[in-house]
Amino acid sequence: MNQTASLVNHWMDLKDSFGMERMTTSPTPPDMALPPRPRKGEVKLNSMPWFHGKISRDKAEELLRPREDGLFLVRESTNFPGDYTLCVCWQGRVEHYRVIYKDNQLTIDEEEFFDNLSNLVEHYEKDADGLCTMLSKPLPKAGSQEYCVDVKAFLEAGWAIPPKDVEMLESLGKGEFGEVRLGMLRGEKVAVKVLKEQSKAAQKFLAEASLMTSIKHPNLVQLLGVVIEGKNIYLVTEYMSKGSLLEYLRSRGRLHVTKTDQINFAFDTCAGMVYLERRSIIHRDLAARNVLISEDGVAKVADFGLAWREEATTSESSDRKLPIKWTAPEALRKNKFSNKSDMWSFGILLWEIYSFGRVPYPRIQLNDVLRKVEHGYVMDAPEGCPPQVYELMKRAWNLNQDLRPTFHEVSILLGHLRGGTGGQKKSS
Ligand code: AMP
């Protein structure tokens, strides 16, 4: 999906909305408090069950059976890369309409223009408008489906931050999508994830942002807003001054990271995961590198790039690179991700915390890890790890996912252990 392309148009909308904001908030009578900022709404992903990706014309014709009038799918054009083709059944035949990409928008007839494929399909579902027939029945793609995120939806839901409000400072690190920079937003430090124009990545990036609009918990890194500036998208989140848990553990090591710190990090992370578990959100990439530490030492789960709501989950595309040492066997073998596969990763994360950031499965070749694990291999307890914590790790690594504990259960156990070490209740 080429979503970024339409950002330039949205940018115009943005400017309008900022203009309005200024008009409505000023002037304020001195004796009247400013009205509270409107609550930000959740941004939903649009599913595109009818989008079949790069399949040939012949394959589309084979799939569109029986030839019911109005049965349709959309595919990526093989002849014109970057364009799409709308394939629709009519009177026993399949008509193929080229969807061209023009002036940052999509069009079939160069009369009606759309920001994205979802909008285009919605239009022709209501009215044939020059096509042989109205679109009446989508042919759903089997397996993993694509989603599209409407940039406008972020603006409408109140997540837009005017570019001039964010001052960009030094680099904090590099992530999957590009650089993460320190920023200043209205006098406060923030982290800014920068995405350079790249349509496919933009969709994933926005999917992460869209999921973040629905979550709010002291142990999950909070999205503050989205900046759209020309072709660039910036995701603004709270700033976690002590960086990633992995770096924290490695750089400070045994001398500085106390037993209390360890149990607090474990408890905080688990509390964030309980929140996701309750909402049936699967993280899929839980690891010490994806947990960040705030100025006051609170651990928060970050990096929702791979996370999906459970109802949106189908089998995952196989070209995705999975972190083998952190991923449950059933997820690696059968793409079966669940809160219980997150629990497996949490067990590995506990091992990372108690080994002060060592790479899991030391001295085992990456290619051998899965096979060994499936034959019952479990890592030894890290040196000095409390036996109750090691018991939790082993329960998290049960090959039978049903026998792994829930995050809720683990949070209660860690809460007790934390009491025992005198750990402070800081965050939840
Ligand atoms: P990511 O793209 O989320 O994997 O981030 C890459 C790196 O940028 C992390 O390992 C951190 O060092 C840094 N980083 C990401 N988000 C933040 C944040 N909210 N606050 C501080 N540093 C961050």
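Keep in mind the model is a prediction, meaning the values are calculated, not measured. (Residues numbered from 1 in each chain as written. Predicted model: local features only at pLDDT ≥ 70, side-chain atom pairs only at ≥ 80, totals over all residues.)

**A short note on the packing of helix α7 (residues 259-278) against helix α9 (residues 339-354)**
In the contact formed by α7 and α9, the axes pass within 10 Å of each other and the chain directions differ by 170°. On the basis of the axis angle, α7 is roughly antiparallel to α9. Along the contact surface, α7 presents Q262, F265, A266, T269, C270, M273 and E277, while α9 presents N339, D342, F346, L349, L350, I353 and Y354. Looking at the contact of α7 with α9, its residues break down into nine nonpolar, three polar and two charged. (Axes fitted to C-alpha atoms, helices over the stretch in contact; angles between N-to-C directions. Helix = DSSP H or I, 4+ residues; strand = E, 2+ residues; numbered from the N terminus. Parallel < 35°, antiparallel > 145°, perpendicular 65-115°, else oblique. Contact = placed C-beta atoms within 7 Å. Nonpolar A, V, L, I, M, F, W, Y, C, P; charged D, E, K, R; others polar.)

**Focus: the sheet that holds strand β10 (residues 179-185)**
Spatially, five strands are ordered β9-β10-β11-β13-β12 in an open sheet, and the strand pairing comes out antiparallel. A single partner strand is all that each edge strand has here, and the edge strands are β9 (166-174) and β12 (223-229). Neighbour-to-neighbour, the strand axes of this sheet turn through a mean angle of 30°, independent of strand direction. One ladder, built from six bridges, connects β9 with β10; its direction is antiparallel. Its bridge partner lying in β10, V166 is registered against L185. (Pairing = 2+ DSSP bridges.)

**Here we look at the sheet that holds strand β3 (residues 84-90)**
The strand order across the open sheet formed by six strands is β6-β5-β4-β3-β2-β7, and the pairing between neighbours is mixed. The open sheet has two edge strands with one neighbour each: β6 (113-114) and β7 (137-138). When strand β5 (residues 105-107) meets β6, the two strands line up antiparallel, connected through two bridges. Looking at β6, one finds that T107 is bridged to F113.

**Comments concerning the pairing of β10**
In this structure, β10 lies alongside strand β11 (residues 188-195), joined through six bridges in antiparallel fashion. The partner of G183 across the bridge, within β11, is V190.

**Overview of helix α11 (residues 387-396)**
Three or more residues of α11 are buried, namely V389, L392, M393 and A396. With its buried residues spanning 100° around the axis, α11 presents them on a single face. Structural note: α11 exposes P387, Q388, E391 and K394 on the side pointing more than 90 degrees away from its buried face. (Buried ≥ 20, exposed ≤ 12 C-beta atoms within 10 Å, placed from the backbone. Arc of directions from axis to C-beta.)

**Side note on the environment of G178**
In this fold, G178 is placed in the loop between β9 and β10. In the structure, G178 is positioned 16 residues away from V194 in sequence and 6.0 Å away in space, judged by C-alpha atoms.

**Notes on the environment of V94**
Relative to the helices and strands, V94 resides in strand β4 (residues 93-102). Separated by 26 residues in sequence, V94 and E68 have C-alpha atoms that sit 9.8 Å apart. V94 has contacts with A60, E61, L64, C87 and C89, leaving out every residue within four places of it along the chain.

**Overview of the site of the ligand**
Around the ligand there are 16 residues in total, and G173, G175, V180, A191 and M240 lie nearest to it. Counting residues domain by domain, the shell around the ligand receives three or more from each of domain 2 (149-239) and domain 3 (245-419). (Near = placed C-beta within 6 Å. Domains from an automatic or database assignment.)

**Some thoughts on unusual backbone geometry**
Of note, the bond from R65 into P66 is cis; its omega dihedral lies within 30 degrees of zero at -10°. By the secondary structure assignment, P66 is in the loop between α2 (57-63) and β2 (71-76). Unusually for a residue other than glycine, R186 sits at a positive phi of about 45°. By the element assignment, R186 lies in the loop between β10 and β11.

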